[in-house]
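Reading the structure
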Amino acid sequence: MLLVAMVCSPVFAHKLAPSLLEVEGQSQQQFEVMWRTPAISGAVSPEPVFPDSCGLEEAQQQAVGTSMEWHWSMTCPEGLEGQTFKVLGLTASRTAALLKIDLADGRSYSQLMRRDGQAYTVPKEAGTLAVVWQYFVLGIEHILIGLDHLLFVTGLLLLAATWKQLLVTVTAFTVGHSVTLVCVSLGIIPEVASWVELAIAATILYLALELSYQRMARHSGRVRWPVIALFGLIHGLGFASVLDELGLPQNDIVAGLVAFNIGIEVGQLIFVASLALLLALLGKVSQQAAPVARSVAVYGMGGMAVFWCLDRAEGLLLSSFYFF
């Protein structure tokens, strides 16, 4: 219990979401700049580097949710074509940064930066293929750093007694979160980020409770795929909130959305395959190793889910009191 108390406090799912540098052109030489980065206590914060030929006015700083935002007015006498942007501190913070540029003439550019020293020079034309690759990689990275989503997928793997059951449950989860991700991103349904993180934690707690019963362990065939699909709808709202913070390229909205969703699926399959292989290897090493690993995973899921439920419920209550 002491060990859990010591390590649980710095654990926050999705706090390592990519930073966003957004440049919006007001004219050929005037731009409004917004820099948003997650506010993590004690962590290294990445910083943007602007073109040498551009001048910035004094920044306006504000807290937005779990992130910090800076706003500037920027003047570039030579325009932005051929100008270079960088973001420092990405390697140390183990995060990525998305650069979005919307020029006054309607042209849009985007670039995902994942390491220090990586620069982006504004071209004359943006390519759809580059946008697809950037959002595909972003989807993979998002699912692999999202501890709550990974724990839920772990629960799906432990619930399935056969590969067929695993395929059914994972497919139901995929269909569910794909529906809400697309609907929210396209504005068909409104975003409800205020309670969705708490709901995601509750879905993990549900799976942990199901797995903790010996009867469920003996009768895994009772897995209810409609329930998993419903939970997928909830997790899709979480994916959509992150994508909403990052934004979609206006010229390639559908391409970016599809690429991001495919990236999530690829990252999910990589994680499931790796975990299944690990459990299989443990079973070959010792017949007792697999049940022990299963118990550790189940109680780890339950412990983290309870912590997230309490933490996120407290945040909702405090925000409600502040509103009133």
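Look up: the structure comes first, before these words.
Residues numbered from 1 in each chain as written. Predicted model: local features only at pLDDT ≥ 70, side-chain atom pairs only at ≥ 80, totals over all residues. Heavy atoms only, no water.

Some details on the packing of aromatic side chains
Geometry of an aromatic ring pair is reported as the spacing of the ring centres plus the angle between the planes. Put simply, the rule is: Only the six-membered ring of Trp is used, alongside the rings of Phe and Tyr, when aromatic pairs are assigned; centres must lie within 6.5 Å, and planes under 30 degrees apart are stacked while those over 60 apart are edge-to-face, with the rest tilted. Strands here mean DSSP runs of E at least two residues long; helices mean DSSP runs of H or I at least four residues long; both are numbered from the N terminus. Only protein chains enter the area calculation, which uses a 1.4 Å probe; residues under 20% of their type maximum are buried, those over 50% are exposed, and those in between are partly exposed.
Per the stated rule, a full pass over the model turns up 6 aromatic pairs. Seen from their ring centres, Phe-152 and Phe-173 are 4.9 Å apart, and the 35° between their planes marks the pair as tilted. Remark: Phe-173 occurs in helix α5 (residues 163–185) and Phe-152 occurs in helix α4 (residues 147–159); sequence separation between them is 21 residues. Residue Phe-173 is classed as buried on the basis of its relative accessible area of 0%. Ring geometry for Tyr-206 versus Phe-231: centroids 5.3 Å apart, planes at 80°, classification edge-to-face. Placement of the pair is Tyr-206 in helix α6 (residues 193–212) and Phe-231 in helix α8 (residues 225–246), with a sequence separation of 25 residues. An aromatic cluster is defined as three or more aromatic residues linked by ring pairs; in this entry it consists of Phe-152, Phe-173, Tyr-206 and Phe-231.

Some details on α4
Stated precisely, the cut-off is as follows: Residue count minus one, scaled by 1.5 Å, sets the expected span of a helix.
End to end, α4 covers 18 Å across 13 residues, agreeing with the expected 18 Å (1.5 Å per residue, within 8%). Summarising burial for α4: 12 of the 13 residues are buried, a large majority. Of the residues making up α4, those classed as buried are Asp-148, His-149, Leu-150, Leu-151, Phe-152, Val-153, Thr-154, Gly-155, Leu-156, Leu-157, Leu-158 and Leu-159.

Some words on the sheet that holds strand β3 (residues 47–49)
Inclusion rule: Note on pairing: DSSP must find at least two bridges between two strands before they are called paired. Angles shown run from 0 to 180 degrees and are taken between the N-to-C directions of axes, each axis being a line fitted to C-alpha atoms and, for helices, limited to the stretch in contact.
The strand order across the open sheet built from 3 strands is β3-β7-β10, with neighbouring strands paired in antiparallel fashion. The two strands at the open ends of the sheet, each matched to only one other strand, are β3 and β10 (119–121). Each strand of the sheet is rotated relative to its neighbour by a mean of 20°, with strand direction disregarded. Relative to strand β7 (residues 84–88), β3 runs antiparallel, the two being bridged by 3 bridges. For Val-49, the partnering residue across the bridge sits in β7 and is Lys-86.

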